[in-house]
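Topology and contacts: notes
Listed here are the chains, written in short residue letters.
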Amino acid sequence: MATDYTQGDRIVRYSPAGSSNSPEVWGLYEPESGSVQYICADPSTRKAALIDVVWDFDPKNAGTAQDSIDHVMRVVEQEGLAPAWILDTHPHADHFMASARLKERTGAPTAIGEKVREIAELWRGYYHMPEAFDPSRDFDRLLADGDTIELGDLQIRVMLSPGHTLGSVSYVCGDAAFVHDTLMHADAGTARADFPGGSAGELWQSIQEILSLPENTRLFVGHDYGTDDRDAPAWEATVAEHLARNPHVKAGTRKEDWIKQRTERDKTLSLPDRMLAALQVNLRGGRLGEAESDGNHYLKIPVNKF
Ligand SMILES: [Fe+2]
């Protein structure tokens, strides 16, 4: 049974290991972008993976802060965990990734899916920065579909799950899977597929593969914004719960109907207000570019391109 506690004004939710060879999971809610940051830990060795952690960015003054990182690190310390991996599921459009800062603080290696190289290629064009972004330099590991990495006595399997971006990956560890922006919570539906490089057809296929995991698999999603009926954020549900009640993809849903619904809904959504700032940071592994001669960092924003 998941248990909740608040730390300051932040929600932390603990999900115990469901079986042997499975991790303990803490979800930490980041309210500004509605992101869920995860700590996935091996109960016996206390080795932990930090997944999709946020480096706070306020678009109003282009200011960064480390409150969300501090929050994650407080739980790591309180629980006596030893960070072994810093993982991202994809280059996020709605927040800056914390990976470079977490690496400075913990020494753990950073990793993301290897198709980040293709996403970087795409965005070099959008930003008109032909020399920008070198993911092979800025991440310690670029992971391929089917790769496994060790987390103490547990293993994390990398599962390519494109559609939201062309290179998104899910991380499967025992009975837990971190499925980022594929599904939303079981009462909310699915994630959007209209960002550059996104594809509703691919997202459908990725969701089917996720829902083919064992029915007791705990699925942890990347975002929650509440619903009309629910104020408190929620992010964990089993495969069985999604198949029973996810309003977009429950058992029996037809691919064509979902793609039509998804595509029509995406047309009504505006782009995340941090997107054009975030991609150029995230494709550098959560770093600003070189400082200019005045010592300041600048972001480049294409005008009228989206
Ligand atoms: Fe995303």
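Per an unreviewed UniProt entry, the chain goes by the name MBL fold metallo-hydrolase and belongs to Leisingera aquaemixtae.

**What to know about the side chain of serine 170**
For serine 170, the location among the structural elements is in strand E14 (residues 169–173). Within the structure, the side chain of serine 170 is placed 3.4 Å from the side chain of histidine 180, a separation counted as a polar contact. Not counting chain neighbours up to four residues away, the residues in contact with serine 170 comprise Arg157, Val158, Met159, Ser161, Phe178, Val179, His180 and Ile210.

**A few points about the sheet that holds strand E6 (residues 54–58)**
The sheet built from three strands is open, its strands ordered E7-E6-E9 with antiparallel pairing. With partners counted over all chains shown, the strands left at the sheet margins are strand E7 (63–65) and strand E9 (96–97), one partner each. As judged from the three bridges shared by E6 and E7, these two strands associate in the antiparallel manner. Among the inter-strand pairings, aspartate 56 is bridged to a residue of E7, identified as alanine 65.

**With respect to the confidence of the model for the chain**
Considering every residue of the chain, the mean pLDDT works out to 96; 99% of them sit at 70 or more. Per-residue pLDDT, averaged within each element of the chain, yields its smallest value for strand E1 (residues 3–7) (74) and its largest for strand E5 (residues 47–51) (99).

**A few points about the sheet that holds strand E4 (residues 35–41)**
With mixed pairing, eight strands are arranged side by side in an open sheet as E1-E2-E3-E4-E5-E8-E10-E11. At either margin of the open sheet sits one strand with a lone partner, and together these are E1 and strand E11 (141–143). Sheet twist, expressed as the average angle between the axes of neighbouring strands with direction ignored, equals 25°. In this structure, E5 lies alongside strand E8 (residues 82–87), joined through five bridges in parallel fashion. Across the sheet, lysine 47 pairs through a bridge with alanine 82, a residue of E8.

Criteria and thresholds
- Residues numbered from 1 in each chain as written.
- Predicted model: local features only at pLDDT ≥ 70, side-chain atom pairs only at ≥ 80, totals over all residues.
- Heavy atoms only, no water.
- Helix = DSSP H or I, 4+ residues; strand = E, 2+ residues; numbered from the N terminus.
- Polar contact = N/O pair within 3.5 Å; in protein donor to acceptor, adjacent residues only side chain to side chain.
- Contact = heavy atoms within 4.5 Å.
- Pairing = 2+ DSSP bridges.
- pLDDT = per-residue confidence, 0-100.
- Axes fitted to C-alpha atoms, helices over the stretch in contact; angles between N-to-C directions.

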